[in-house]
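Architecture and fold: a report
Each chain, letter by letter, is given below.
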Amino acid sequence: MLLVLTALVLTACPSPVPAKNVSVTATGADAAAYRVGSGGWQVPDDVTSFAFTATGAYEVAVRCGDDTSVWSLTKADTETLDLSCPPAATSPVAFDVTFDVSSVAGAVEAELYYGENSMASATTTGTFNVTNGSAGEQDLVLVALDGSGTPIAADMLTVNVTAGGSYSITLAAGDTANVISGSIADFSAQVPGGWPPAGAMMLTVTPKGTAVMGGFLGSSGGPFTSFTFGDHDLAFVMAADGSGVQSLLQLATSTAPGASFTVDLPAPFSATVTSDTFPTVSGLSISDPELRMYGITMGWTTKTLSAMVSTGFLAGATSYTLPDLTGLAGFTGFAPASGDAVTVNSSVFYASLTTSELFDLMNVDSPFGLPAGESVRIAEDQDTYTAP
């Protein structure tokens, strides 16, 4: 702003003050601050909604209780940030689902899927008494299983769930056609030597976001169960070094149910972390066309300070220092005390999505929100030290 005012004085034909082009929503925030480029941090009058002008790099910090998040981005990454604090947990909704899978040959038990939850019954008829549901329009999925626990028939019912509601799903013999197979290729060669066996959890995600289990597979891959009424399949592929230091993750979605997946785990990431009150993390020098962001989360006692740093913000730099915000209103004392045990998790985020799309995805509460046909890969490294 000082440069703008100077230009107004020195030029005979003054230019208009640039419009504020970065807007931040931080509903429920206890504190917030921002800075443009390498300028000083500023605290907005309203920490829950504010805007400022940026032409390149900027940073926004928001505190929600014991957790502070910093977003180090550029105008090209995004101009609209929703950094709202997590809403208070809603009270669970109870409802009943009467089921009947007795017409399915070989069925001995049933499973009900709703949202991110499920229930099982060792009978072929009965009622599921859901106590941890949520209200609203959603997909209820009933699956019939044989004696080995293998899904052999299924169907989906889309309903508007209300507290105390009662719903009914009956499977017919022909609903066996709704159960199909997908496959995941052998990915054992992608697991670093000396690491324990890796695995994959397979799910089918319905149009309303209900996740239906398709099976657990080892790194040798193989077939998994899928369902024709799904929107797409989702693979959670995970590998870890066994010591809790390094881990690799891939979330991948298909464009249709019954897909064939090829795993693409990232390489292990090793960061160098200083033992400062606000550490510097080095080693941010990866070259990959899908590299989008680095994530750094510092935890001590009950508090966390995290930063999401885009490659555009780094602009070729290979290190990043977590900012000291303690001199700003609302952030006083937000630092580890001498002698506190500090854990720093450093992550690399790769994605088929753009940085802006990845940012939007990070505001989705559920991993089932990853769009069809996309992939996100994460490599994490953990360091610990004692605060000076």
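For clarity, every value in this text was computed on a predicted model and none was experimentally measured.

1. What to know about the sheet that holds strand β17 (residues 222–227)
What the three strands build is an open sheet, ordered β17-β14-β20; its pairing is mixed. Taken across any chain shown, the strands that pair with only one partner, and hence form the sheet edges, are β17 and β20 (260–261). Both strand β14 (residues 179–184) and β20 contribute to a ladder of two bridges, which runs parallel. Across the sheet, residue Ile-184 finds its bridge partner in β20, namely Phe-261.

2. Some thoughts on the pairing of strand β24 (residues 303–310)
Counting buried residues in β24 gives six out of eight residues, a clear majority hidden from the surface. Bridge count for strand β23 (residues 291–300) against β24 is eight bridges, and the pairing is antiparallel. The partner of Gly-299 across the bridge, within β24, is Thr-304.

3. Re the side chain of Asp-146
Mapping Asp-146 onto the fold places it in the loop between β11 (136–145) and β12 (151–161). Of the side chains with opposite charge, Lys-208 comes closest to the buried, unpaired Asp-146, at an N-O distance of 31 Å. A distance of 2.8 Å separates the side chain of Asp-146 from the side chain of Ser-148, its partner in a polar contact. Filtering out sequence-adjacent residues up to four positions away, Asp-146 remains in contact with Gly-106, Val-108, Glu-109 and Ile-152.

4. As for the pattern of salt bridges
Applying the stated rule across the entire model yields seven salt bridges. Arg-377 serves as the salt-bridge partner of Asp-288, at 3.7 Å between the closest nitrogen and oxygen. Note that Asp-288 is positioned in the loop between β22 (280–282) and β23 and Arg-377 in strand β27 (residues 375–386), a separation of 89 residues in sequence. Take Arg-377: its relative accessible area is 6%, and that puts it in the buried class. Shared partners join several salt bridges into a network, and the residues in it are Asp-264, Asp-288, Glu-290 and Arg-377.

5. Focus on the pairing of strand β19 (residues 246–253)
Extensive coverage of β19 is indicated by the burial of eight of its eight residues. On β19, burial covers both faces: Gln-246, Leu-248, Gln-250 and Ala-252 on one face and Ser-247, Leu-249, Leu-251 and Thr-253 on the other are all buried. Pairing analysis gives seven bridges linking strand β18 (residues 232–240) to β19, with the strands arranged antiparallel. Counterpart to Ala-240 in the pairing with β19 is Ser-247. As consecutive antiparallel partners, β18 and β19 are separated by five residues, and within that stretch Gly-242 has a phi angle of approximately 90°, a positive value. Here seven bridges tie β19 to β27, and the two strands are oriented antiparallel to one another. Opposite Ala-252, over in β27, you have Ser-375 as the bridge partner.

6. Here's the deal with empty space enclosed by the protein
Applying the stated criterion to the full structure yields one cavity of 30 Å³ or more. Space inside the largest cavity adds up to approximately 40 Å³. For the lining of the largest cavity, a count of residues per class yields six nonpolar, two polar and no charged.

7. Structural notes on the packing of aromatic side chains
Following the criterion strictly, the structure yields eleven aromatic pairs and no others. On the basis of an interplanar angle of 5° and a centroid distance of 4.4 Å, the ring pair of Tyr-34 and Phe-52 is categorised as stacked. One end of the pair, Tyr-34, is in strand β2 (residues 31–36); the other, Phe-52, is in strand β3 (residues 49–52), with 18 residues separating them in the sequence. Judged on exposure class, the residue Tyr-34 and its partner Phe-52 are both buried. For the pair Trp-300 and Phe-334, a centre-to-centre distance of 5.5 Å together with 80° between the ring planes defines the contact as edge-to-face. Of this pair, Trp-300 sits in strand β23 while Phe-334 sits in the loop between β25 (319–321) and β26 (341–351), and the two are 34 residues apart along the sequence.

8. Some thoughts on the sheet that holds strand β21 (residues 272–273)
Whether parallel or antiparallel, the strands of a sheet pair through hydrogen bonds between backbone atoms. An order of β21-β22-β25 is seen for the three strands of this open sheet, with the pairing classed as antiparallel. The outermost strands of the open sheet, each flanked by one partner alone, are β21 and β25. Two elements, β22 and β25, share three bridges in a ladder whose sense is antiparallel. Residue pairing in the sheet places Thr-280 in a bridge with Thr-321 of β25.

9. Digging into unusual backbone geometry
The phi torsion at Thr-301 lies on the positive side, around 40°, for a residue other than glycine. Counting through the fold element by element, Thr-301 comes out in the loop between β23 and β24. The residue Ala-315 is not glycine, and still its phi comes out positive at about 50°. Judged by its relative accessible area of 67%, Ala-315 is exposed.

10. So, the environment of Ser-103
As for its placement among the helices and strands, Ser-103 is situated in the loop between β7 (93–100) and β8 (109–114). Accessibility expressed as a relative area gives 46% for Ser-103, which makes it partly exposed. If we skip the residues at most four places from it in the chain, Ser-103 touches Leu-171 and Ala-173.

The rules behind each value
Residues numbered from 1 in each chain as written. Predicted model: local features only at pLDDT ≥ 70, side-chain atom pairs only at ≥ 80, totals over all residues. Heavy atoms only, no water. Pairing = 2+ DSSP bridges. Helix = DSSP H or I, 4+ residues; strand = E, 2+ residues; numbered from the N terminus. Buried < 20%, exposed > 50% of the residue type's maximum accessible area, 1.4 Å probe, protein only. Lys, Arg positive; Asp, Glu negative; His and termini not counted. Salt bridge = Lys/Arg side-chain N within 4 Å of Asp/Glu carboxyl O. Polar contact = N/O pair within 3.5 Å; in protein donor to acceptor, adjacent residues only side chain to side chain. Contact = heavy atoms within 4.5 Å. 1 Å grid on protein atoms, 1.4 Å probe; cavity = no way out; pocket = protein on both sides within 12 Å on 5 of 7 lines; lining within 4 Å. Points joined across faces, edges and corners; volume = space filled by probe spheres on them. Nonpolar A, V, L, I, M, F, W, Y, C, P; charged D, E, K, R; others polar. Phe/Tyr/Trp six-rings, centres within 6.5 Å; stacked < 30°, edge-to-face > 60°.

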